[in-house]
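What follows is each chain in one-letter form.
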Amino acid sequence: MTTTTTTGAPRSAPAGRTDVLRASGVTMRFGGLTAVRGVDLAVDSGEIVGLIGPNGAGKTTFFNCLTGLYIPTEGQVSYKGTVLPHRSHLVTKAGIARTFQNIRLFANMTVLENVLVGRHTRTKEGLLSALLRGPGFRKAERSSEEKAMELLEFTGLAGKREHLARNLPYGEQRKLEIARALASEPGLLLLDEPTAGMTAGETSATRDLVLAVREQGTAVLVIEHDMRFIFNLCDRVAVLVQGEKLVEGSPEVVQADERVVAAYLGTPFEGEPGEAEAAEVREAERATGTGPAAGTAADENPKGERS
Amino acid sequence: MATTNPEAGTTTAAAPAEPLDVTGAPGTLRLPPKAARLLTAAGAVGTFASTMLAWTWTAEFPGDLTYYGSPVDLQTLTLVGSLLTLAVLLAGNGVRGLRWLTPGGKTAPVVLLALGTLGVVWFTAGAIAVVLGGIVNFEPGMWVAVLTSLATVVGALGLRADLPFDPADPALRDPGAWQRFRHSLKSATPAPARELPGWAELLTIAVMFGIGLFVFTYGIDTPYGELFIGFLILVSFGATALARAGLSQRLSKLTGKHRNVTFTAAFVAAACFPFTQSSDQYTSVAANILIFATVALGLNVVVGLAGLLDLGYVAFLGVGAYAAALVSGSDTSVLGVEFPFWAAVLTGAGASLVFGVVIGAPTLRLHGDYLAIVTLGFGEIFRIGMENLDGSSGPSVTNGANGIANIPDLVILGFNFGEDHTIFGVDIGPFANYYLLMLVFTLIIVTIFRRADRSRIGRAWVAVREDETAARAMGINGFRVKLIAFALGATLAGMAGTVQAHVTSSVTPEQYQFVEVVPPNSAFLLAAVILGGMGTVSGPLVGASLLYLIPAKLQFIGDYQLLLFGLALVLLMRYRPEGLLADRRKKLEFHDTGQLDVPTGGPGLSKTEA
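Remember, it's a predicted structure, so these values are computed and weren't measured experimentally.

*Asks:* Describe the overall build of chain A, with residues and values.
*Replies:* Looking only at helices and strands, chain A has twelve helices and ten strands in total. Expressed as a percentage of the 307 residues in chain A, the buried residues total 52%. As displayed, chain A offers around 13,300 Å² of accessible surface, 52% of which is attributable to carbon and sulfur atoms.

*Asks:* Before we move on, could you go through the sheet that holds strand 2 (residues 33-44) of chain A and cite the residues and values that matter?
*Replies:* All names here are of chain A. Here we have four strands laid out as an open sheet, ordered 2-1-4-5, and antiparallel in their pairing. Strands with a single pairing partner mark the edges of an open sheet, and in this sheet they are strand 2 and strand 5 (82-83). Here strand 1 (residues 19-30) runs beside strand 4 (residues 74-79); their pairing, made up of five bridges, is antiparallel. Bridge pairing links Ala-23 to Val-77 in strand 4.

*Asks:* Quick rundown of helix 10 (residues 259-272) of chain B? Include the residues and the values.
*Replies:* Spacing of three or four residues puts side chains on the same side of an α-helix, whose turn is 3.6 residues. Residue and element names in this part refer to chain B. Here helix 10 contains 14 residues, and its C-alpha end-to-end distance of 20 Å stays within 8% of the 20 Å for a straight helix at 1.5 Å per residue. What helix 10 keeps buried is the set Thr-262, Ala-265, Ala-269 and Ala-271. Each element contacted by the buried residues of helix 10 is listed here: helix 7 (198-221), helix 9 (247-257) and helix 15 (430-453).

*Asks:* Which residues make up the domain arrangement of chain A, and what values go with them?
*Replies:* All names here are of chain A. Segmenting chain A into domains produces domain 1 (17-95 + 186-286) and domain 2 (108-185). Centre-to-centre separation of domain 1 and domain 2, based on C-alpha positions: 28 Å. With 20 residues of domain 1 at the interface, the matching set in domain 2 holds 13 residues. Contact between domain 1 and domain 2 buries roughly 1,300 Å² in total, counting both sides, with carbon and sulfur atoms accounting for 71%. In this structure, the connection of domain 1 to domain 2 is made through zero salt bridges. Applying the counting rule to domain 1 against domain 2 returns three residue pairs in polar contact (both at pLDDT 80 or more).

*Asks:* Provide a residue-level description of the sheet that holds strand 9 (residues 236-241) of chain A, including the pertinent values.
*Replies:* Residues and elements named next belong to chain A. Ordered by their spatial adjacency, six strands build an open sheet running 6-7-8-3-9-10, and the pairing between neighbours is mixed. Two strands in the sheet have a free side with no partner beyond their single neighbour: strand 6 (96-98) and strand 10 (244-249). With strand direction ignored, the average angle separating the axes of adjacent strands in the sheet is 20°. Across three bridges, the pairing between strand 6 and strand 7 (residues 188-192) is parallel. Residue pairing across strands places Arg-98 opposite Leu-190, the latter belonging to strand 7. Sheet contacts for helix 7 (residues 200-215): strand 3 (48-52), strand 7 and strand 8 (219-223); angle to strand 3, the most-contacted strand, approximately 135°.

*Asks:* Please provide a residue-by-residue account of the nonpolar core, values included.
*Replies:* The tendency in soluble globular proteins is for nonpolar side chains to be buried as a group. Ranked by internal contacts, the top residues of the largest apolar core, which has 136 residues, are Met-142 and Trp-461 of chain B. Counting residues per element, this core draws most heavily on helix 11 (residues 281-305) of chain B, at 17 residues. In this structure Trp-461 of chain B touches Leu-127 of chain A together with Val-301, Leu-305, Ala-306, Ala-452, Val-481, Ile-484, Ala-485 and Leu-488 of chain B, once residues within four positions along its chain are discounted. Counting 44 residues, the second-largest nonpolar core is a separate cluster that includes Leu-157, Leu-176, Val-241 and Val-260 of chain A.

*Asks:* Can you break down the domain arrangement of chain B residue by residue, with the values?
*Replies:* All names here are of chain B. By the assigned domains, chain B splits into domain 1 (33-164 + 181-253) and domain 2 (280-575). Averaged C-alpha coordinates put domain 1 and domain 2 at centres separated by 37 Å. The interface is formed by ten residues belonging to domain 1 together with eleven residues belonging to domain 2. When domain 1 packs against domain 2, the two sides together hide about 840 Å² of surface, and 81% of this comes from carbon and sulfur. Sorting the residues of domain 1 by area buried against domain 2 places Phe-216, Ile-220 and Phe-228 first, and these three jointly supply 56% of that buried surface. At the junction of domain 1 with domain 2, the criterion picks out zero salt bridges. In this assembly, domain 1 and domain 2 are joined by two residue pairs in polar contact (both at pLDDT 80 or more). Sorting the residues of the side of domain 1 that touches domain 2 by element identifies helix 7 and helix 8 (225-244) as the ones contributing at least two each. The residue makeup of the side of domain 1 that touches domain 2, split by class, is six nonpolar, three polar and one charged.

*Asks:* Pulling in residues and values, what's your account of the interface of chain B and chain A?
*Replies:* On the chain A side, the residues contacting the 41 residues of chain B number 42 residues. Taking both sides of the interface into account, the surface hidden between chain B and chain A amounts to around 3,900 Å²; carbon and sulfur atoms contribute 56%. On the surface where chain B and chain A come into contact, there are two salt bridges. Among the ionic pairs, Arg-459 of chain B bridges to Glu-141 of chain A, the shortest N-O distance being 2.9 Å. At the boundary of chain B with chain A, the tally comes to 13 residue pairs in polar contact (both at pLDDT 80 or more). Counting only elements with at least two residues in the side of chain B that touches chain A, the list comes to helix 15, helix 16 (456-466), helix 17 (468-473), helix 18 (478-504) and helix 22 (584-590) of chain B. Residue contributions to the side of chain B that touches chain A peak at eight residues, all from helix 16 of chain B. Each residue belonging to the side of chain B that touches chain A can be placed in one class, and the counts come to 19 nonpolar, ten polar and twelve charged.

*Asks:* Residues and numbers for the pairing of strand 2 of chain A, please.
*Replies:* The sheet contact formed by strand 1 of chain A and strand 2 of chain A spans eight bridges and is antiparallel. Considered in strand 2 of chain A, the bridge of Leu-21 of chain A is made with Val-43 of chain A.

*Asks:* Outline the packing of aromatic side chains, supporting the account with residue identities and numerical values.
*Replies:* Residues and elements named next belong to chain B. Tallied over the full model, the rule gives 18 aromatic pairs over all chains. Ring geometry for Phe-216 and Phe-273: centres 6.1 Å apart, planes at 65°, overall edge-to-face. Note that Phe-216 is positioned in helix 7 and Phe-273 in the loop between helix 10 and helix 11, a separation of 57 residues in sequence. Each ring, one from Phe-341 and one from Phe-441, has its centre 6.1 Å from the other, and the planes form 70°; the classification is edge-to-face.

Cut-offs applied
Residues numbered from 1 in each chain as written. Chains lettered and ligands numbered in written order. Predicted model: local features only at pLDDT ≥ 70, side-chain atom pairs only at ≥ 80, totals over all residues. Heavy atoms only, no water. Helix = DSSP H or I, 4+ residues; strand = E, 2+ residues; numbered from the N terminus. Buried < 20%, exposed > 50% of the residue type's maximum accessible area, 1.4 Å probe, protein only. Areas by Shrake-Rupley, 256 points an atom, 1.4 Å probe, with all protein chains shown as cover. Pairing = 2+ DSSP bridges. Expected span 1.5 Å × (residues − 1). Contact = heavy atoms within 4.5 Å. Domains from an automatic or database assignment. Buried area = accessible area lost by both parts, 1.4 Å probe. Salt bridge = Lys/Arg side-chain N within 4 Å of Asp/Glu carboxyl O. Polar contact = N/O pair within 3.5 Å; in protein donor to acceptor, adjacent residues only side chain to side chain. Axes fitted to C-alpha atoms, helices over the stretch in contact; angles between N-to-C directions. Core = buried A, V, L, I, M, F, W, Y, C linked by side-chain atoms within 4.5 Å. Nonpolar A, V, L, I, M, F, W, Y, C, P; charged D, E, K, R; others polar. Phe/Tyr/Trp six-rings, centres within 6.5 Å; stacked < 30°, edge-to-face > 60°.

Spelled out as structure tokens, the structure:
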């Protein structure tokens, strides 16, 4: 496969943008398996970038390389011009925060405590100051709590500050994960499938939340399977297929790309049982004229890829 | 939490033949409500009366239960039990002046107290029959007690439960006797208390700790095993009754409001203990309990907060004790120097800190079971190492298995801990001195625990325990905070060890095994933390007291001690995995209840200090 990079001119972009994130030639091999191969990706400040791809395309692996959970076999990742260390807590300290595909809250901590943990890198009171309880410690704790409450107001969870995280409904757990990530005052927020398992209403609320995050000056990189969500939200979309970047560009460019459709739906080949029938169905769908095949078909069958 | 809508339940759950009663589901036994109340009251009064009679004819049974008109020991416990039953029953029926006793449940505490009294009486009867050889040794008073306590329980089981059955639960459409019994032990959460004036709240806290001190002193002073068992039965049923009656919740709300007052009151009550004692017999027990409890509290930092399962923790106590012994000026110490106490404490704590970091740095990269196994190994390495540093297998430092003996008593600012002193007209013996010194250490360690818990580092520990990957993604250096927890735990144990060396006056390797019959050892320390409640302050203190007192008081279980101990732990893990004294937060953690009771106002669940 050839890699085409169509760097779409940033629409509605304020002048003087800078690179927040620049990943160049990131490759991740697990033994003989190459999960991510030579991926370049850049995120500018104030930008929302989507990363899509069929299941198993290496999106989460790429995310883990960015956040220092994995050490990439080749390539490097830099944040605002400095190369990131391969330790996830240092990456967070540098300014990249993330959420997880499967919610990973601190289940037995309260909502407020979860967000306070997120403030860890932006405070520095150690054990000694905790034991001595000087005025500096109290001041830092108070301001941390104020910041945390601001974030809970921002995400609409302020009323549930004393609940244990595990007792929150699913949608609110996702929100809390975002609030916790924002607590570290990141310059770039990585969201790993933020709307997985959500209803349409919750999805649109998440979209508003992500846009509000951008308003505050944080760039966002989001992995998602929900095409409507991605194409409505992102300034730029990159498509990852089998570990390689297939296309990158504005939503329109990506939606129109034949190869993206092929990657999601597969190309029919002879002899596979059931494939003929599937092709027939697809023909019928096209015949009913549901518009330009690429975007809509992928949109309505986000899980219909061949893997 | 069960529903508190009384009417919804009765209409569906109560049998149609029964009179409509909105107070709750039917009791275990189907008695007319009035008859049940009368029987309970009569039974309680009868039990009370029986304690004024002789229970046996001979003074051979310990305690001498042969007098008319003056209850002793087990009879006193029965008396207290029956009076409490009566009081709670009257309170539940709206008798003026007593209603504060049952803000929550009304029936459940009666049932529990009746069962507790029955337990004490029947246990006494059984013990008399076994010790003296047969029920012929009963005097009429014993029979009266046996029958009246049974009558109380029968009556209490006939009382209607506090809560209606949950109509949504299909298993309770036609409940069997066992289900009705279990249901009768449930109770509603009490309504928020009326605002008391400030002085009354403080007085309540003071009275609470006064009673606590009295109960604890009574338990520690029990001169024979039978009385201690009776005491345990009554206290465990009584404490549960207190919780079901809703008093515990109200008290804990009060103590949560006045944290510092509570803290001070607890300290004062504990400091009063030696002044209630006339000899050193039980203060030595108390001093050892404090050492054990303090070390357990240190372990609670490691296990309860940071979630690191450390099976070799007693080694840190040993390092502190050996370090203090070496610099104590003992004639068997190879160093032959005598440090002042403050320097000895610093030496012990410092040695433990170094040992903790040296062990922690390589092992804390392991997780879960692997960490447990490696710490278990290091614990044993410490003991065997101390045995071999005897001059023949290795350099001569510790005198091997003989240990360092004749550790002199402490002298701080001219105050000799080995001598009797008279304070406020009370003779304070050597162990009482050490008890008070140890109490200061406990105070320090409790403060350290509380402050570390409610801080940035404390939250980082819990986060690492909950999900290390997520914690690292939040910017927490997992290894570093775990090492801090490990080192802090080691230091606290080392501090306790410096006092322990002087209390036991000799330090030998086999004091610091993984498991043996006498606490503290690693297994018992961990058990104390788990038994009491992980992550809390009071949990390990209570757990350690129980684990020390039970073997010390019940010498006769001897060889079966570890077996019974294991059984008790299995039962505890099955029925109360959060530990005996868990806070609301731990209960939410271990029981999948869903959080409907949103805390409003007052101190919440979050551990913050702002």
